[in-house]
Amino acid sequence: MLFTVAYEMLGSAADAEDVLQESWLRWAGVDLGTVQDQRAYLVRIVTRQALDRLRTLGRRKESYVGPWLPEPLLTAPDVAEDAELAESVSMAMLLVLETLAPLERAVFVLREVFDLAYAEIAEAVDKSPAAVRQLAYRARAHVAARRPRGVVSAAETRNALEAFQRAVETGDLQNLLDILAPDVVLLGDGGGVVQATLSPVVGAGSVARVLAAGLGRLAASARQPAQVNGYPALIVRQDGEIDTVLALRIDDGLVTGLYAVRNPEKLSRMQHETALCR
């Protein structure tokens, strides 16, 4: 649960693990006799450490080569069964959370995902309950304006992904265009380490041509469906190694966002399932 808190605040499993290590060191020095609610106390420590790390990450992202995408996680089926948790850790939602200020992000995650009381959140972020309520209001309004237009089930995403795969396999550009929204956006994250689009690719025609050129030349066996961040996605392999993780955002039955993570430093978690819970 603490890892999930840190990951939702940071969008990076590696940084979330570092936060847990730092939090453990602080927890190890606490006199447990003075702690009334251990869960709340731990959440407070992790939140404060994550906020510090979030500010550092902001500076790091300013010099990042190309678009920055969250680190994808191979998740177990039980994550998809919790619709609210799956939506909160989806690539699309994590990108929305990236547009929040650090304190707003922390308050939104703790309130909307983990359902903490305002008083608990106030202690975690060192603000008054009134200030936390205001932060929560602003964050909710900001996210509501940018989140997917409706909660999409894993089955809907899986159906869209299967149609997407068929279109890529047949090389039929029209079939691909039929499942892409007119204003679809493709983001690629190579981190300056491997080749990826350095700016967003916008529009069904442009995105379809990029996908046909990149995925269409691969054998079907190189594209493996998987559960990534709570939703169906594609893992693309080259010479048996994971080359790309491709996640989709679905709105009204059409693909409106494609997120291609290629930075090798962000793919280490795709070798085994990561447990997430609320």
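Up top you'll find the structure we're talking about.
Note that this is a predicted model, so its numbers are computed, not measured.

Caption draft 1: Representation of the sheet that holds strand E6 (residues 254-261) within the structure. If you trace the six strands from one edge of the open sheet to the other, you get E2-E1-E6-E5-E4-E3, paired in mixed fashion. Looking at which strands have only one partner, the edges of the open sheet turn out to be strand E2 (201-202) and strand E3 (223-228). Where E3 lies against strand E4 (residues 231-238), six bridges are found, and the strand directions are antiparallel. Residue pairing for E4: Arg223 is matched across the bridge by Val236. Sitting on the sheet, helix H10 (residues 154-170) is in contact with E3, E4, strand E5 (241-251) and E6, with an inclination near 35 degrees to E4. Those strands touched by helix H12 (residues 204-214) are strand E1 (180-189), E2 and E6, and its axis lies near 50 degrees from that of E1.

Caption draft 2: Molecular detail of helix H3 (residues 38-62). Counted at 1.5 Å a residue, the expected span for H3 with its 25 residues is 36 Å, and the 36 Å between its end C-alpha atoms agrees. Turning to H3, its buried residues number three or more, namely Ala40, Val43, Ile45, Val46, Thr47, Gln49, Ala50, Leu51, Arg53, Leu54, Leu57 and Lys61. At its buried positions, H3 is contacted by helix H1 (2-10), helix H2 (13-28), helix H7 (102-113) and helix H8 (118-125). Between the side-chain oxygen of the N-cap and the backbone nitrogen of Arg39 there are 3.2 Å, and the N-cap of H3 in question is Asp37.

Caption draft 3: A look at the packing of aromatic side chains. One pass over the structure, following the stated rule, counts two aromatic pairs. Summarising the aromatic geometry, the rings of Phe3 and Tyr7 are spaced 6.1 Å apart at their centres and angled 5 degrees between planes, so their arrangement reads as stacked. Of the two residues, Phe3 and Tyr7 are both situated in helix H1; the distance of four residues between them amounts to about one turn of the helix. Accessibility assignment for this pair places Phe3 and Tyr7 in one class, buried.

Caption draft 4: Representation of the side chain of Asp251 in the model. Relative to the helices and strands, Asp251 resides in strand E5. Polar side-chain contacts of Asp251 include one of 2.7 Å to the side chain of Thr256.

Caption draft 5: Structural view of the side chain of Asn263. In this fold, Asn263 is placed in the segment after E6. At 2.9 Å, the side chain of Asn263 forms a polar contact with the side chain of Tyr64. Sequence-distant contacts of Asn263, defined by excluding residues within four places in its chain, comprise Tyr64, Asp189, Gly190, Gly191, Val193 and Val194.

Caption draft 6: A look at the pairing of E1. Burial analysis of E1 places seven of its 10 residues in the buried class, the great majority of the element. Across two bridges, E1 lies against E2 in antiparallel orientation. Residue pairing for E2: Val185 is matched across the bridge by Val202.

Caption draft 7: Molecular detail of the nonpolar core. Counting residues in hydrophobic clusters, the biggest one holds 44 residues, and the most contacted among them are Met9 and Leu97. Counting residues per element, the ones that place at least two in this core are H1, H2, H3, helix H5 (83-89), helix H6 (91-97), H7, H8 and helix H9 (129-144). Not counting residues within four places of it along the chain, the set of residues in contact with Leu97 comprises Glu8, Ser88, Arg105, Phe108, Val109 and Val143.

Caption draft 8: Structural view of H9. For H9, built from 16 residues, the straight-helix expectation of 22 Å at 1.5 Å per residue is met to within 8% by its first-to-last C-alpha distance of 22 Å. Next to the buried residues of H9 lie H6, H7 and H8.

Caption draft 9: Representation of the pattern of salt bridges within the structure. Following the criterion strictly, the structure yields 16 salt bridges and no others. Ionic pairing is found between Arg269 and Glu17, a salt bridge with its closest N-O pair at 2.1 Å. In this pair, Arg269 sits in the segment after E6 while Glu17 sits in helix H2, placing the two residues 252 residues apart along the sequence. By relative accessible area, which is 13% here, Arg269 ends up buried. The shortest N-O distance in the salt bridge between Asp251 and Arg249 comes to 2.9 Å.

Caption draft 10: Inspection of the packing of H1 against H7 at higher detail. In the contact formed by H1 and H7, the axes pass within 9 Å of each other and the chain directions differ by 135 degrees. In terms of orientation, H1 lies oblique with respect to H7. For the crossing formed where H1 meets H7, the hand is right-handed. Judged by residue contacts, Val5, Glu8, Met9 and Leu10 of H1 engage Arg105, Ala106, Val109, Leu110 and Val113 from H7. Taken together, the residues of the contact of H1 with H7 break down into seven nonpolar, no polar and two charged.

Scoring rules and cut-offs
Residues numbered from 1 in each chain as written. Predicted model: local features only at pLDDT ≥ 70, side-chain atom pairs only at ≥ 80, totals over all residues. Heavy atoms only, no water. Pairing = 2+ DSSP bridges. Helix = DSSP H or I, 4+ residues; strand = E, 2+ residues; numbered from the N terminus. Contact = heavy atoms within 4.5 Å. Axes fitted to C-alpha atoms, helices over the stretch in contact; angles between N-to-C directions. Expected span 1.5 Å × (residues − 1). Buried < 20%, exposed > 50% of the residue type's maximum accessible area, 1.4 Å probe, protein only. Polar contact = N/O pair within 3.5 Å; in protein donor to acceptor, adjacent residues only side chain to side chain. Phe/Tyr/Trp six-rings, centres within 6.5 Å; stacked < 30°, edge-to-face > 60°. Core = buried A, V, L, I, M, F, W, Y, C linked by side-chain atoms within 4.5 Å. Salt bridge = Lys/Arg side-chain N within 4 Å of Asp/Glu carboxyl O. Parallel < 35°, antiparallel > 145°, perpendicular 65-115°, else oblique. Left-handed = near helix turned anticlockwise from the far one by under 90°. Nonpolar A, V, L, I, M, F, W, Y, C, P; charged D, E, K, R; others polar.

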